[in-house]
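# Structure at a glance
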Amino acid sequence: MGQGVYRKDELTAAKELSGGEELSRLETLGISLLSEWDVAIFLYQHGSSIINAGQIALLTGYESKDVSDALNRLESLGLLKCSRASHGVRVYQFMVPTGPVRRECFDELRVLAENRAGRLLLIKSLRSPPPPRRPGTVMVPLK
Amino acid sequence: MTNGGLIQTGIDGLDDILLGGIPRSNVILVQGVAGSGKTLMGVEFIYRGITQFNEPGIVVVFETSAAKIIRDAAGFGWNLEELQQQKKLQIIFTTPEVLEQELRSADSLLLEIAAGIGAQRIFIDGLGLFPAAAAGNGHSPMTGPGSYRELIRHLIESLLRENLTAMLSHELSAAPDSLVTSEMASFIVDTVIQLNRHRQDRRSLRGIEIIKSRGHDYDSGEHTLRITANKGLQVFRRVQAPLRQKLEQPSTTKRSALGVDVLDTLIGGGVFDGSTTMVIGISGVGKTVLGAQFLLEGAKQGKRGLLISLDEHPAQIMRNAKTIGLDLQQQVDSGMLHILFESPQELDVDAHYAAIIRLVEEHGIERMVLDGMTSYSTALSDQKVYRDFFHALVGYSKHRLLTTFFNYENPEFLGSSSYMPDFPVSSIVDNIILLSMAELNNALHRCLTVVKARGSEHNFDTREYVIGQGGMKILPKDENAAAAQSFESYSSLLSRAPTRFGVPHRTTRAVTAGGNK
């Protein structure tokens with residue numbers, strides 16, 4: 001299947017959650033940044049990880065600081081359990097939401113994000129972290 | 001848990017070729033190409049440890065996720081998620097660098113987790129990724145301080161210190177680094193298990209070989225490995241592997257009836273229990289019928305039977321037998337008879353042999369019919385494997401005192417110039433019964449000759465038989481002796497041109513070595 005061509009059921013799933021529903025689910029979970037969502041899914045898939053933010057950043061394609069922020073945010077939301085630090089790493093364990101509403105929100109969003117159409121909906125709904133500023137670059141406002 | 005200081009893997013058939021298991025403190029390396037089943041073996045090692053031996057375990061992965069391990073394991077019926085919830089299993093994602101550091105540090109998070117669940121086994125998936133970790137330390141990746149070799153040694157020492165029985169996987173590839181690191185790891189660890197994949201014609205075969213295992217003996221050579229849905233890995237000992245039983249072969253002077261009255265007399269009073277008989281004849285001559293009667297007679301004597309066929313499905317075998325009044329179904333229903341059918345397509349000889357042995361052992365089989373040998377010849381393209389299978393089966397039958405019939409389809413329609421032209425193993429079996437066709441006055445007649453019966457005073461007469469209700473019946477010798485088609489009136493019945501005598505021929509008796517007088 002070529003790029004930009006989606007299966008009918010993927011589109012149906014995406015449409016079912018369109019119209020701002022995915023946004024409300026993200027709000028229920030407390031996730032506002034794409035990096036938070038991606039780090040959450042990374043940790044969900046790996047269950048328990050002994051790792052640090054820099055290594056997660058390498059694997060997810062974000063900046064270390066964004067991952068650190070995301071980890072802190074997820075922990076504060078109760079979606080992540082972190083161990084003590086040992087030589088710069090911690091045990092990160094994703095905590096599936098226990099409340100029925102939050103659990104349902106998470107499961108629906110997770111299924112939605114499994115296909116490209118759903119992922120695009122999430123990207124639209126979530127803010128991306130600001131791009132890293134390279135040394136020597138000057139931010140020029142667009143006219 | 002332990003078996004004389006051995007740790008059992010719990011993987012079906014693997015502990016058997018390891019002669020019980022692996023010495024407890026041995027570090028195990030599983031190596032193989034991509035897709036050979038390394039990760040599965042490691043995960044099953046942990047799973048079986050938990051579920052069969054109550055030994056909690058840890059799986060450490062670098063390149064896959066716990067979600068995928070859990071998903072794939074579910075395909076074998078293993079609920080890893082539940083084991084994690086029960087704190088008997090922990091799947092941990094990390095990097096080789098972190099693992100290396102973790103095993104060095106006194107306050108290791110990994111070892112804390114291991115202690116928390118009381119882990120006794122650990123599987124680390126991806127030892128081949130460690131050179132990068134070593135290189136990351138700023139040293140040469142292969143030799144010297146901080147080298148790959150030192151890193152692996154350190155890893156092993158750390159695991160031993162924690163009393164963790166470790167299984168490590170290493171991918172084999174054509175890349176020079178992979179070959180070097182794999183070989184280096186092989187030197188250091190105690191047990192090396194290699195998983196192979198071969199292409200034979202258009203099929204893919206899996207193999208497993210114990211390359212080395214310190215501190216105990218094991219079955220050498222390459223055995224068959226299978227990945228079976230809803231089960232996991234299965235290892236089948238290669239048929240060529242010698243029998244493990246004591247060298248003395250049991251023997252008995254007890255004879256049993258075959259189920260065809262006159263044949264018992266011809267062969268010298270039934271066959272010895274534990275003897276092997278080759279029934280040779282062209283297709284349609286009645287080999288399967290004779291085999292069915294042999295099994296039914298066995299059942300009558302209280303001897304459980306096994307019929308093995310690559311040609312006919314059990315339902316068809318039972319239907320055909322019933323048309324001539326041989327009720328195999330009743331014996332199957334009562335558990336006195338078992339039928340093993342396997343398609344000759346892509347027959348896996350090690351697995352097939354193991355299935356036969358399992359049936360014999362589980363059901364206390366005393367009579368076995370293999371119907372017929374020719375299908376094995378076509379199913380097993382390698383004649384050496386075919387011969388090895390036959391030898392293994394004969395050897396096993398002898399040690400088990402199993403009375404066995406092998407049906408062999410002779411390609412010659414009329415006349416027999418040799419017993420088994422494409423499979424000359426007649427010297428191995430104890431008895432040979434030749435079933436032939438003779439053409440007399442433009443009519444085909446079935447005839448039977450006992451051409452070999454070790455240790456027996458048997459009769460060389462060629463006798464006519466018919467197949468009808470009740471199965472095979474040998475016609476009375478002197479009946480219609482003067483008739484034009486009486487066998488007594490002919491000579492050279494086994495040639496292509498029988499000749500009429502006109503007077504009855506004498507009876508010929510034979511005594512073979514060690515036989516009765």
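Presented here is an overview of the structure given in this document. (Residues numbered from 1 in each chain as written. Chains lettered and ligands numbered in written order. Predicted model: local features only at pLDDT ≥ 70, side-chain atom pairs only at ≥ 80, totals over all residues. Heavy atoms only, no water.)

We now examine the pattern of salt bridges. Within this structure, the stated rule accounts for 24 salt bridges over all chains. With a shortest N-O distance of 2.9 Å, B:D72 and B:R71 are connected by a salt bridge. Taking the relative accessible area as the measure of exposure, B:D72 reaches 41% and is therefore partly exposed. Classification of B:R71 as exposed rests on a relative accessible area of 52%. Linking B:E361 and B:R400 is a salt bridge whose minimum nitrogen-to-oxygen distance equals 3.2 Å. Residue B:E361 is located in helix 14 (residues 349-363), and its partner B:R400 is located in helix 16 (residues 383-400); the two are separated by 39 residues in the primary sequence. Ionic contacts of the salt-bridge type, sharing partners, join the residues A:R103, A:D107, A:R110 and A:E114 into one network. (Salt bridge = Lys/Arg side-chain N within 4 Å of Asp/Glu carboxyl O. Buried < 20%, exposed > 50% of the residue type's maximum accessible area, 1.4 Å probe, protein only. Helix = DSSP H or I, 4+ residues; strand = E, 2+ residues; numbered from the N terminus.)

Quick look at the sheet that holds strand 3 (residues 90-94) of chain A now. Strand order in the open sheet formed by 12 strands is 2(A)-3(A)-1(A)-5(B)-4(B)-6(B)-7(B)-3(B)-8(B)-9(B)-10(B)-11(B), with mixed pairing between adjacent strands. The open sheet has two edge strands with one neighbour each: strand 2 (80-82) of chain A together with strand 11 (232-236) of chain B. Neighbouring strand axes in the sheet, compared pairwise and without regard to direction, differ in orientation by 25 degrees on average. Docked against the sheet, helix 6 (residues 109-117) of chain B engages strand 1 (48-51) and strand 3 of chain A together with strand 4 (57-61), strand 5 (89-93) and strand 6 (121-125) of chain B, running at close to 150 degrees with respect to strand 4 of chain B. (Pairing = 2+ DSSP bridges. Axes fitted to C-alpha atoms, helices over the stretch in contact; angles between N-to-C directions. Contact = heavy atoms within 4.5 Å.)

Here we come to the pairing of strand 11 of chain B. Residue and element names in this part refer to chain B. When you tally the buried positions in strand 11, you get 5 out of 5 residues, the bulk of the element. Pairing of strand 10 (residues 222-228) with strand 11 involves 5 bridges; the strand directions are antiparallel. In the sheet register, T228 faces strand 11, and the bridge partner there is G232. Between strand 10 and strand 11, which pair antiparallel in sequence order, lie 3 residues; one of them, N230, sits at a positive phi of approximately 60 degrees.

Okay, the layout of surface pockets next. Of the voids in this model, the largest pocket is the one considered here, and its volume is about 1,300 Å³. If you go around the largest pocket, you meet 40 residues; those closest to its centre are A:Y44, A:G47, A:S48, A:Q93 and A:F94. Secondary-structure elements contributing two or more residues to the lining of the largest pocket are helix 3 (34-46), strand 2, strand 3 and helix 6 (100-112) of chain A together with helix 3 (66-74), helix 4 (80-85) and helix 6 of chain B. Partitioned by chemical class, the residues of the lining of the largest pocket number 17 nonpolar, 11 polar and 12 charged. (1 Å grid on protein atoms, 1.4 Å probe; cavity = no way out; pocket = protein on both sides within 12 Å on 5 of 7 lines; lining within 4 Å. Points joined across faces, edges and corners; volume = space filled by probe spheres on them. Nonpolar A, V, L, I, M, F, W, Y, C, P; charged D, E, K, R; others polar.)

On to the packing of aromatic side chains. Per the counting criterion, the structure on display carries 11 aromatic pairs over all chains. Pairing B:Y353 with B:F389 gives two aromatic rings, centres 6.3 Å apart and planes at 80 degrees, and the pair type is edge-to-face. Of this pair, B:Y353 sits in helix 14 while B:F389 sits in helix 16, placing them 36 residues apart in sequence. Exposure class is identical for B:Y353 and B:F389. Each is buried. Here a set of aromatic residues connected by ring pairs shows up, and it is made of A:W37, A:Y44, A:F94 and A:F106. Over the ring of B:F45 we find B:R121, and its NZ or CZ is 4.5 Å from the ring centre. Sitting over the face of the ring of B:F272, B:R255 holds its NZ or CZ atom 3.9 Å from the ring centroid. (Phe/Tyr/Trp six-rings, centres within 6.5 Å; stacked < 30°, edge-to-face > 60°. Lys NZ or Arg CZ within 6 Å of the ring centre and 35° of its normal.)

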